[in-house]
Amino acid sequence: MTTTTPARGRRRAPSRMERAAGRAAAFQKPRVILALLLLLALTSVMLLDGYLRSEIGNDARVRDGAAYDKVPSRILDGGPLLTFDHGTATTQSVPDRTIVLTFDDGPTATWTPQVLKVLEENDVDATFFMVGSMISRYPGVVKSLVKQGNEVGIHTFTHVDLSYQSAARLQRELKQTQLALAGAAGVTTTLFRAPYSSEIDAVDNYSWPVYQEIGDLGYTSVFVDTDSDDWKKPGVSKIVRWATPKKNRGAIVLMHDAGGDRSQTISALGTYIKKMKAKGYTFTTVSGAQAMLNGNRSGVGRQSGSAGAGAGASASAGAGIGGTGAAQAAQHQAAGATLYEGRALVYAVAVAEWVVPALSWFLLVVGIAVMGRFGMMLVLARRHHRQRNRGRGKGGRGGGRFSWGPAVTRPVSVIVPAYNEKECIANTLRSLAKSTHPIEIVVVDDGSDDNTSEIAESLGMPNVRVVRQENAGKPAALNNGVRNARHDIVVMIDGDTVFEPDAVHQLVQPFADPEIGAVAGNAKVGNRTTLIGAWQHIEYVMGFNLDRRMYDLLRCMPTIPGAIGAFRRDAVLGVGGMSEDTLAEDTDITIALHRAGWRVVYQEHARAWTEAPGSLRQLWSQRYRWSYGTMQALWKHRKSLTDKGPSGRFGRVGMPLVVLFQIVTPVFAPLIDVFTGYSMIFVDFRAALLAWLAVLAVQLVCAAYAFRLDREKYRYLAMLPLQQLAYRQMMYLVLIHSCVTALTGGRLRWQKLKRTGEVGTPAGAGR
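Everything in this summary refers to the structure shown in the same document. For clarity, every value in this text was computed on a predicted model and none was experimentally measured.

What counts and what doesn't
- Residues numbered from 1 in each chain as written.
- Predicted model: local features only at pLDDT ≥ 70, side-chain atom pairs only at ≥ 80, totals over all residues.
- Heavy atoms only, no water.
- Helix = DSSP H or I, 4+ residues; strand = E, 2+ residues; numbered from the N terminus.
- Buried < 20%, exposed > 50% of the residue type's maximum accessible area, 1.4 Å probe, protein only.
- Contact = heavy atoms within 4.5 Å.
- Areas by Shrake-Rupley, 256 points an atom, 1.4 Å probe, with all protein chains shown as cover.
- Arc of directions from axis to C-beta.
- Pairing = 2+ DSSP bridges.
- Right-handed = clockwise from strand over helix to strand, strands pointing away.
- Axes fitted to C-alpha atoms, helices over the stretch in contact; angles between N-to-C directions.
- Parallel < 35°, antiparallel > 145°, perpendicular 65-115°, else oblique.
- Left-handed = near helix turned anticlockwise from the far one by under 90°.
- Salt bridge = Lys/Arg side-chain N within 4 Å of Asp/Glu carboxyl O.
- Core = buried A, V, L, I, M, F, W, Y, C linked by side-chain atoms within 4.5 Å.
- Polar contact = N/O pair within 3.5 Å; in protein donor to acceptor, adjacent residues only side chain to side chain.
- Phe/Tyr/Trp six-rings, centres within 6.5 Å; stacked < 30°, edge-to-face > 60°.
- Lys NZ or Arg CZ within 6 Å of the ring centre and 35° of its normal.
- Patch = residues over 30% accessible without salt bridge, like charges linked within 9 Å, V, L, I, M, F, W, Y side chains within 5 Å.
- Lys, Arg positive; Asp, Glu negative; His and termini not counted.
- Charge placed at Lys NZ, Arg CZ, Asp CG, Glu CD.

1. Looking at the overall build of the protein
Okay, step 1: Of regular secondary structure, the protein possesses 22 helices and 20 strands.
Okay, step 2: Buried residues in the protein amount to 55% of all 767 residues.
Okay, step 3: By sequence separation, contacts in the protein at least 24 residues apart represent 80% of the contacts at least 6 residues apart.
Okay, step 4: Carbon and sulfur atoms make up 56% of the accessible area of the protein, which totals about 33,000 Å².

Quick look at the structure:
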């Protein structure tokens, strides 16, 4: 065919391929950004979850035994309620025969509701000093607690000793806890209790400035008079005894509704309340006790609401949550930015609480599946190698030599689709000219504008025919070649592929079996001297060839490589030829042949050398097309999942394996790396590093075995750790990019890689 040239002086209308290229170019950058944003979002969720669980930013230091000479003695000898009025510190004590029950470190979904139930049964309110991270994780519990009439106070967001923290960290701990309260129950508070605090006489020179700063912000610092020490789990009787004030004095009593097993606390609480009521004690909240001290005894008992505007929030004084009352006077209705930021925090935490555990379990399943796949590949690859190499190299002695059947010696057609392959076409044709098998070569020039066809013709090879066509893409060129082929077996190769002399002969031998419709050859990376080339060499030997051995034995080979593959001509024509429906025409035709009842096998001894992409940009472009095309092919043949016969066999065996190990696993693999990096930084560096090294060792064993089967030199395996750190991440991002493109309904054009022609004769085989 002759290429049609547009008339001089007239502007040629863009072709369908060119229009598709324009649309693809317009969508590429946004999709890459979206893929990266998705990964960033998941990383952010992990970091938030780690912060909530004190894996990030955790400071376990607790100060003890510090000097206190800079703390005023009137403070050390004062009551447990510390306030500041214009910088002047004042303390107050709870009135006699008055109990302020306080609970620290909550809320929890297990123990706090049980505490609330006991309080409700005994008609008692309490004050809960809650940790912000716990509030954001259990907002429903906080909302119920406030609605019941109890009071809330701040116990920092991450339960750190504030005497070690900077002023900025102090402000952040307070603000984040207020936001959590606002998001959970719509309130803020002016009550504060420092983690690890006890009686007021324990204030030292380091914590005193912290209380001064907190007081200047409008907070009341609440200490304790009587500590039940319930965290020690001493038994119900001791908890009740240790929580009882001496000589009918009033007291702020400390208990816990979090931090471990609180069953003894729950059991002791009802007994304690009944005992103290029998002694004539009144129970109230911190705000209720302050109201009593200020002469206002009304409304200090059980209330169903709360009031006012508080620290860090703007609201009208007296605006309660379901009502008003002195027992909740320190609580204030959240409004404006505080309310909406708080809700956003609670929603974000809810997402993290669901996503991170779900991902953890999912990735565990994926990890087990990947390890299982490695094991299955090793077992089946060894079996495949032993089966196909039985008696090889022994001159056929022993009677057990593997054979496909009678030797195939008849001529075959080699189809070479070429588009602007001037750098490579001569090397490709010269390598075919050395073939030990009789062949005809059909070069299909797909509208090249770089003299590709002229170079092919200038070589003067008698068995070479050049067929010209207007640019229509690789599938159309292959179909044209099949139509022009004179023989019943066609070998399809790329324009840059260099064949070993016996490659064609080895490739066509399986056709002695009439059930076989196609054969996949062993593609090798020729330009492996560069870093990128070496990485791809490892990938080709380990990933592609081990996979193909496994798929061969399972009779579900998903792809015949475009660089070296052979087909029965009638089989190709019988399934409609090479389809233009997908960008992975090699995967498409392979699946179609499976569905038509043909068997597809792998011939490891048919070796050809191909030029891998020489830059990261070209590599991204190639793998993006491969990944996207594979998804297209799988979607196109999705009905095989429910088919019967050979089509159903591939659908229920091959397709799940391809989806799981070529799409799902790589898509989620970056998260495994993110989890590993997170664990190294924030959790346990040693354990995470050992886990990563263990996985690397498994991969190294698989790679070494693959190199042994292919008789490759092991020196390239030294690049494997770096490949895992850099190259693999890029491949994952490419696949995520492809998934985003598929999910957004994008289209992608056929992309031509720039060739250098550096892959020559396969003299470097095995090196």
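2. Some remarks on helix α7 (residues 208-216)
Okay, step 1: Listing the buried residues of α7 in full gives W208, V210, Y211, I214 and G215. Each buried residue of α7 sits inside an arc of 155 degrees when the element is viewed along its axis, so together they form one side.
Okay, step 2: The inward-facing, buried residues of α7 abut α2 (73-76), β1 (81-85), β2 (88-92), α6 (167-185), β7 (191-192) and β8 (220-222).

3. Digging into the pairing of strand β15 (residues 464-469)
Okay, step 1: As judged from the six bridges shared by strand β14 (residues 439-446) and β15, these two strands associate in the parallel manner. In the sheet register, D446 faces β15, and the bridge partner there is Q469.
Okay, step 2: Following the chain from β14 across helix α13 (residues 452-458) to the adjacent parallel β15, one finds a crossover that is right-handed.

4. Points about the pairing of strand β3 (residues 98-106)
Okay, step 1: Counted residue by residue, β3 has nine buried out of nine residues, so it is predominantly covered.
Okay, step 2: With three bridges connecting them, β3 and strand β11 (residues 282-284) associate as parallel partners. Bridge assignment links T98 to a residue of β11, and that residue is T282.
Okay, step 3: In this structure, β3 lies alongside strand β10 (residues 251-256), joined through six bridges in parallel fashion. In the sheet register, T102 faces β10, and the bridge partner there is L254.
Okay, step 4: Crossover handedness for the path β3 to helix α3 (residues 112-121) to strand β4 (residues 127-130): right-handed.

5. Details of the sheet that holds strand β13 (residues 412-418)
Okay, step 1: Pairing is mixed across the open sheet formed by eight strands, whose spatial order is β15-β14-β13-β16-β19-β18-β20-β17. The two strands at the open ends of the sheet, each matched to only one other strand, are β15 and β17 (498-499).
Okay, step 2: In this structure, β13 lies alongside strand β16 (residues 489-493), joined through three bridges in parallel fashion. Within β16, the position partnered with V414 by the bridge is V491.

6. Notes on the packing of α3 against helix α9 (residues 263-278)
Okay, step 1: Two elements in contact, α3 and α9, have axes separated by 10 Å at closest approach and are oriented at 20 degrees. The angle between α3 and α9 falls in the class roughly parallel. Where α3 crosses over α9, the two elements pack in a sense that is right-handed. Contacts between α3 and α9 involve Q114, V115, V118 and L119 from the former and I266, L269, G270 and I273 from the latter.

7. Overview of the pattern of salt bridges
Okay, step 1: Here the structure, examined in full by the defined rule, presents 21 salt bridges.
Okay, step 2: The shortest N-O distance in the salt bridge between K474 and E585 comes to 3.6 Å. With K474 in helix α14 (residues 474-484) and E585 in helix α18 (residues 585-595), this pair connects stretches of sequence that are 111 residues apart.
Okay, step 3: E712 serves as the salt-bridge partner of R528, at 2.9 Å between the closest nitrogen and oxygen. Here E712 lies in the loop between α21 (685-709) and α22 (720-743) and R528 lies in the loop between β18 (516-525) and α16 (531-554), a separation of 184 residues in the sequence.
Okay, step 4: With a relative accessible area of 4%, R528 lands in the buried category.
Okay, step 5: Look at the salt bridges and you will find they share partners, linking K524, R528, R549, E604, D710 and E712 into a network.

8. So, the nonpolar core
Within soluble globular proteins, side chains that are nonpolar generally end up buried alongside one another.
Okay, step 1: Core analysis: the biggest nonpolar cluster contains 61 residues, and L101 and Y272 have the highest contact counts within it.
Okay, step 2: Sorting elements by how many residues they give to this core places α6 first, with seven residues.
Okay, step 3: When neighbours within four sequence positions are excluded, L101 is seen to be in contact with L119, V124, A126, T127, V253, M255, L269, Y272, I273, F283 and T284.
Okay, step 4: Formed by 60 residues, the second largest nonpolar core is a distinct cluster that contains C556, F650, L709 and L735.

9. Side note on the environment of T156
Okay, step 1: Position of T156 among the secondary structure elements: in the loop between β5 (151-154) and α6.
Okay, step 2: For T156, the contacting residues outside a window of four places in its chain are M130, V131, G132, L162, E173, T177, F192 and P195.
Okay, step 3: At 2.9 Å, the side chain of T156 and the backbone nitrogen of H159 are in polar contact.

10. Quick word on the side chain of D547
Okay, step 1: Turning to its location among the elements, D547 is positioned in helix α16.
Okay, step 2: Its relative accessible area of 9% is what places D547 among the buried residues.
Okay, step 3: Residues in contact with D547, not counting those within four places in the same chain, are R373, M377 and M542.

11. So, the packing of aromatic side chains
Okay, step 1: Throughout the structure, instances matching the rule amount to five aromatic pairs.
Okay, step 2: With 5.1 Å between their ring centres and 20 degrees between their planes, F103 and F128 make a pair best called stacked. In this pair, F103 sits in strand β3 while F128 sits in strand β4, placing the two residues 25 residues apart along the sequence.
Okay, step 3: Of the residues examined, F103 reaches a relative accessible area of 0% and is grouped as buried.
Okay, step 4: The cationic tip of R63 hangs over the ring face of Y206; the distance from NZ or CZ to the ring centre is 3.7 Å.

12. Comments concerning unusual backbone geometry
Okay, step 1: In this structure, P107 follows G106 across a cis peptide bond, with omega equal to 5 degrees.
Okay, step 2: Position of P107 among the secondary structure elements: in the loop between β3 and α3.
Okay, step 3: Phi at N248 takes a positive value of approximately 60 degrees, unusual for a residue other than glycine.
Okay, step 4: Looking at where N248 falls in the secondary structure, it is placed in the loop between α8 (236-243) and β10.
Okay, step 5: Judged by relative accessible area, N248 falls into the partly exposed class, the value being 33%.
Okay, step 6: If you check the backbone angles, N451 has positive phi at about 70 degrees while not being a glycine.
Okay, step 7: Its location among the elements puts N451 in the loop between β14 and α13.
Okay, step 8: Owing to a relative accessible area of 49%, N451 belongs among the partly exposed residues under this scheme.

13. Concerning a positive patch on the surface
Okay, step 1: The grouping of R97, K238, R241, K246, K275 and K279 at the surface amounts to a positive patch.
Okay, step 2: Within the secondary structure layout, K246 lies in the loop between α8 and β10.
Okay, step 3: By relative accessible area, K246 is classed as exposed at 63%.

14. Notes on the packing of α6 against helix α11 (residues 336-388)
Okay, step 1: Where α6 meets α11, the closest approach of the two axes is 7 Å, and the angle between their N-to-C directions is 85 degrees. Judged on the interaxial angle alone, α11 and α6 are roughly perpendicular. Across the interface between the two elements, K175, Q176, L179, A180, A182, G183 and A184 from α6 touch T338, L339, E341, G342, R343, L345 and V346 from α11.

15. Observations regarding the environment of V414
Okay, step 1: If you trace the backbone, V414 turns up in strand β13.
Okay, step 2: Since its relative accessible area comes to 0%, V414 is described here as buried.
Okay, step 3: When sequence neighbours within four positions are dropped, the list of residues in contact with V414 reads L432, I439, E440, I441, V442, V491 and I493.

16. Observations concerning the side chain of N522
Okay, step 1: Along the polypeptide, N522 turns up in strand β18.
Okay, step 2: A distance of 3.1 Å separates a polar atom in the side chain of N522 from the backbone oxygen of E604.
Okay, step 3: Looking at N522, its side chain comes within polar contact range of the side chain of D710, at 3.4 Å.

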